[in-house]
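Overview (structure and organization)
Chain by chain, the residues run as shown.
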Amino acid sequence: MSAALGIPEGTPVYERCRRTTSPSGPIDLISTFVPVDIAVGTDVIKPAPTSGSLLDHITSRKKPRADYATERLTARRVDDVEAGALDVPADEAVLSVVITANQSHR
């Protein structure tokens, strides 16, 4: 997972998951990975949802700097955990979006 996030292998991260639903069922399943050094001292490490956006919450407490972001969009089959969380068949296709905020190393 670290390689996909563009961080060194073994970097400890917190994972936050959120599922959005509508009257007709689940809409999306969002996983956010935050390096521990950024997450500590914020509500990211608590199981309860944060009020407002996660990025705004982190920014108001830690003041991280993102110089640029990359976004990767792919289509793939759900894994077993996603199929259960989204209540879809195991062969269902989903869109996967990975957005990574980066700092320039100057």
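Parameters and conventions
Residues numbered from 1 in each chain as written. Predicted model: local features only at pLDDT ≥ 70, side-chain atom pairs only at ≥ 80, totals over all residues. Heavy atoms only, no water. Helix = DSSP H or I, 4+ residues; strand = E, 2+ residues; numbered from the N terminus. Buried < 20%, exposed > 50% of the residue type's maximum accessible area, 1.4 Å probe, protein only. Contact = heavy atoms within 4.5 Å. pLDDT = per-residue confidence, 0-100. Salt bridge = Lys/Arg side-chain N within 4 Å of Asp/Glu carboxyl O. Core = buried A, V, L, I, M, F, W, Y, C linked by side-chain atoms within 4.5 Å.

Quick look at the overall build of the chain now. Secondary structure assignment for the chain yields four helices and four strands. Counted from the first residue to the last, the chain has its helices and strands arranged as α-β-β-α-α-β-α-β. Along the first, second and third principal axes, the C-alpha set of the chain runs to 45 × 30 × 25 Å. For the chain, with 106 residues in total, the buried portion stands at 20%. For the chain, the share of sequence-separated contacts (at least 6 apart) that also reach a separation of at least 24 residues comes to 45%.

Looking at the chain as a whole, the pLDDT averages 82, with 92% of positions reaching at least 70. The spread of mean pLDDT over the elements of the chain runs between helix H1 (residues 2-5), the lowest at 62, and helix H4 (residues 80-86), the highest at 90.

Moving on, we come to the pattern of salt bridges. When charged atoms on two side chains of opposite charge get close, those side chains can pair. Applying the stated criterion across every chain, the model contains two salt bridges. In this structure, Asp43 engages Lys46 in a salt bridge whose closest nitrogen and oxygen atoms are separated by 3.2 Å. In this structure, Arg76 and Glu82 form a salt bridge, with 2.8 Å as the shortest nitrogen-oxygen distance.

With that out of the way, let us pick up the nonpolar core. Counting residues in hydrophobic clusters, the biggest one holds five residues: Val34, Ala39, Val44, Leu54 and Ile58. For Val44, the contacting residues outside a window of four places in its chain are Tyr14, Arg16, Val34, Ala39, Leu54, His57 and Ile58.

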